[in-house]
Amino acid sequence: MPTLVRRRSTPLLAAWLLAAGAVVALLLTTALANSASAHGSVVDPASRNYGCWQRWGGDFQNPNMATQDPMCWQAWQADPNAMWNWNGLFREGVAGNHQAAIPDGQLCSAGHTSSGRYDALDTVGAWKTAPATNNFRIKLYDQASHGADYIRVYVTKQGFNALTKPLAWSDLELAGQIGNTPAAQWTPETQGVSIQVPANAPGRTGRHVVYTIWQASHLDQSYYLCSDVDFGGGPTTPPPTTTPPTTAPPTTAPPTTPPATGGCAAAYRVTSSWAGGFQSEVEVTAGASAIKSWTVTWTYANGQQVSSSWNATVTSSGSTVTARNVAYNGTLAAGAKTAFGFLGSSTGTNTAPTPTCTATV
């Protein structure tokens, strides 16, 4: 009888092993497919679905979420896959025509992409916010090291009410951007790479939406990412004094009089470097009085060349580089700061220059 049992168990065992092998192969194939299709998102300040996954991914059935984090609760109830696939909120084939592809009210779901998986991210309400200052950075994590043709960061205009109004394109103002940046120029992570993009949103207070468009480089693949922030530091310009002036106001200068020169300072630093290239940032600080525009100049000593820039208009003449503010970051209150960045090439030695800053008031 023992012999008979063993003979009958042999084909059963073989069938079980074959089935188990098929399951393992399927799991391995799925894992590899998921790895190959992995993408990324803004992780700081966290995009809506990344933040929900970060806070509740290990406890997403906890009923306390309904009262502690109701917007995430409704998103988890609508489609948990929107959080598990926090790195897949994109559309393909947009060809840069973002406003035509994404209707108003659907910006956070990328126009109901992925058969509506991310629709709950468009829901209007009190999404959890991250604290932010008027000069801030977004950190974008690129899990598959695609790099970017460009990244654009928008912020809602002052007066936009994120608690009552669906997000529309007309609610946004460009606050920062960078151009073509291959993944080799990003910061290596345990898996993939990340990059930080500086942004400037003067005059913002309270709750706002930061909207990031990441145009990945490997395909015509556009990511649309909503992050909720609270500019809690108050206005960037001091309120006017209520003390009446003791002297009569000055007469208006003739139109031919050049604008008065105000004070500003500039600090240059290299944020990353690699063989033959580097990324740098220059921080501009207004002096004791408010300014309306600024210009920063410096001279390279080692033949460095600027290739692309963001948050400033940068031109070169020989070894001299001139950077001027763009429309949204020229006006600074006394002591206020802004920053711009750029990519450059070098032939080895990359001595940091000493910039000078001039401004108009």
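Throughout what follows, the structure given in this document is the object of discussion. The shown structure was predicted, so the numbers you read here are calculated from the model rather than taken from an experiment.

### Some points on the environment of Thr295
Move 1: One can find Thr295 in strand 14 (residues 293–299).
Move 2: Each C-alpha atom of the pair Thr295 and Thr356 lies 8.3 Å from the other, and the pair is 61 residues apart in sequence.
Move 3: Dropping the residues within four chain positions of it, Thr295 is found in contact with Thr322, Ala323, Arg324, Thr356, Cys357 and Thr358.

### Structural notes on the environment of Val284
Move 1: Tracing the backbone through its elements, the reader meets Val284 in strand 13 (residues 277–286).
Move 2: Judged by relative accessible area, Val284 falls into the buried class, the value being 0%.
Move 3: C-alpha separation for the pair Val284 and Val296, spaced 12 residues apart in sequence, amounts to 8.2 Å.
Move 4: In this structure Val284 touches Cys264, Ala265, Trp294, Val296, Leu332, Ala336, Lys337, Thr338, Phe340 and Cys357, once residues within four positions along its chain are discounted.

### Considering the sheet that holds strand 15 (residues 305–310)
Move 1: Sheet architecture is open: 4 strands sit in the order 12-13-18-15, paired in antiparallel fashion. Strands at the two margins of the open sheet, each flanked by one partner only, are strand 12 (264–274) and strand 15. Between one strand axis and the next, the sheet turns through 25° on average, direction left out of account.
Move 2: Relative to strand 13, strand 12 runs antiparallel, the two sharing 10 bridges.

### Describing the nonpolar core
Move 1: Core analysis: the largest hydrophobic core is formed by 58 residues, its most contacted members being Phe136, Ile151, Leu167 and Tyr211.
Move 2: Sequence-distant contacts of Phe136, that is, excluding residues within four places in its chain, are made with Val153, Val155, Val197, Pro198, Ala199, Ala201, Val210 and Phe231.
Move 3: Of all hydrophobic cores here, the second largest spans 24 residues; its members include Ala323, Leu332, Phe340 and Ala359.

### Structural notes on the pattern of salt bridges
Move 1: Applying the stated criterion across every chain, the model contains 8 salt bridges.
Move 2: Residue Arg137 pairs with Glu281 through a salt bridge whose shortest N-O separation is 2.0 Å. Of this pair, Arg137 sits in strand 4 (residues 135–142) while Glu281 is found in strand 13, placing the two residues 144 residues apart along the sequence.
Move 3: For Arg137, a relative accessible area of 29% puts it in the partly exposed group.
Move 4: A residue is classified by how much of its surface remains accessible, and Glu281, at 9% relative accessible area, is buried.

### Focus on the side chain of Ser346
Move 1: With respect to the element layout, Ser346 can be found in the loop between strand 18 (337–345) and strand 19 (356–360).
Move 2: When near neighbours in sequence (up to four residues on either side) are disregarded, Ser346 contacts Gly276, Gly277, Phe278 and Gln304.

### Focus on the pairing of strand 18
Move 1: Across the 9 residues that make up strand 18, a large majority, 7, are buried.
Move 2: Bridging between strand 13 and strand 18 involves 9 bridges; their strand directions are antiparallel. Across the sheet, the residue bridging to Glu283 is Ala339, located in strand 18.
Move 3: As paired strands, strand 15 and strand 18 are joined by 5 bridges and run antiparallel to one another. Within strand 18, the position partnered with Trp310 by the bridge is Gly341.

### Focus on helix 2 (residues 48–56)
Move 1: Taken together, the buried positions of helix 2 are Arg48, Asn49, Tyr50, Gly51, Cys52 and Trp56.
Move 2: Buried residues belonging to helix 2 abut strand 1 (40–44), helix 3 (65–68), helix 4 (70–78), helix 5 (81–84), strand 9 (206–216) and strand 10 (221–231).

### Focus: the sheet that holds strand 1
Move 1: The antiparallel open sheet is built from 4 strands, whose spatial order is 1-4-8-7. In this open sheet, the two edge strands, each paired with only one partner strand, are strand 1 and strand 7 (187–188).
Move 2: Summarising the sheet, strand 4 and strand 8 (residues 193–200) pair through 8 bridges and their orientation is antiparallel. Pairing of Leu140 across the sheet is with Ile195, part of strand 8.

### Some details on the packing of aromatic side chains
Move 1: All chains considered together, the criterion is met by 22 aromatic pairs.
Move 2: Ring geometry for Phe60 versus Trp84: centroids 5.3 Å apart, planes at 90°, classification edge-to-face. With Phe60 in the loop between helix 2 and helix 3 and Trp84 in helix 5, the pair connects residues that are 24 residues apart, well separated along the chain.
Move 3: Relative accessible area serves as the criterion here: at 28%, Phe60 is assigned to the partly exposed category.
Move 4: Consider the rings of Trp298 and Phe340, whose centres lie 6.4 Å apart with planes at 20°: the pair is stacked. Residue Trp298 is found in strand 14, and its partner Phe340 is found in strand 18; the two are separated by 42 residues along the sequence.
Move 5: Look at Phe340 and you get buried, because its relative accessible area is 0%.
Move 6: An aromatic cluster of three or more residues is present, and its members are Tyr268, Phe278, Trp294, Trp298, Tyr300, Phe340 and Phe342.
Move 7: In this structure, Arg152 is placed above the aromatic ring of Tyr150, and the distance from its NZ or CZ to the ring centre is 4.1 Å.

Reading the values: the criteria
- Residues numbered from 1 in each chain as written.
- Predicted model: local features only at pLDDT ≥ 70, side-chain atom pairs only at ≥ 80, totals over all residues.
- Heavy atoms only, no water.
- Helix = DSSP H or I, 4+ residues; strand = E, 2+ residues; numbered from the N terminus.
- Contact = heavy atoms within 4.5 Å.
- Buried < 20%, exposed > 50% of the residue type's maximum accessible area, 1.4 Å probe, protein only.
- Pairing = 2+ DSSP bridges.
- Axes fitted to C-alpha atoms, helices over the stretch in contact; angles between N-to-C directions.
- Core = buried A, V, L, I, M, F, W, Y, C linked by side-chain atoms within 4.5 Å.
- Salt bridge = Lys/Arg side-chain N within 4 Å of Asp/Glu carboxyl O.
- Phe/Tyr/Trp six-rings, centres within 6.5 Å; stacked < 30°, edge-to-face > 60°.
- Lys NZ or Arg CZ within 6 Å of the ring centre and 35° of its normal.

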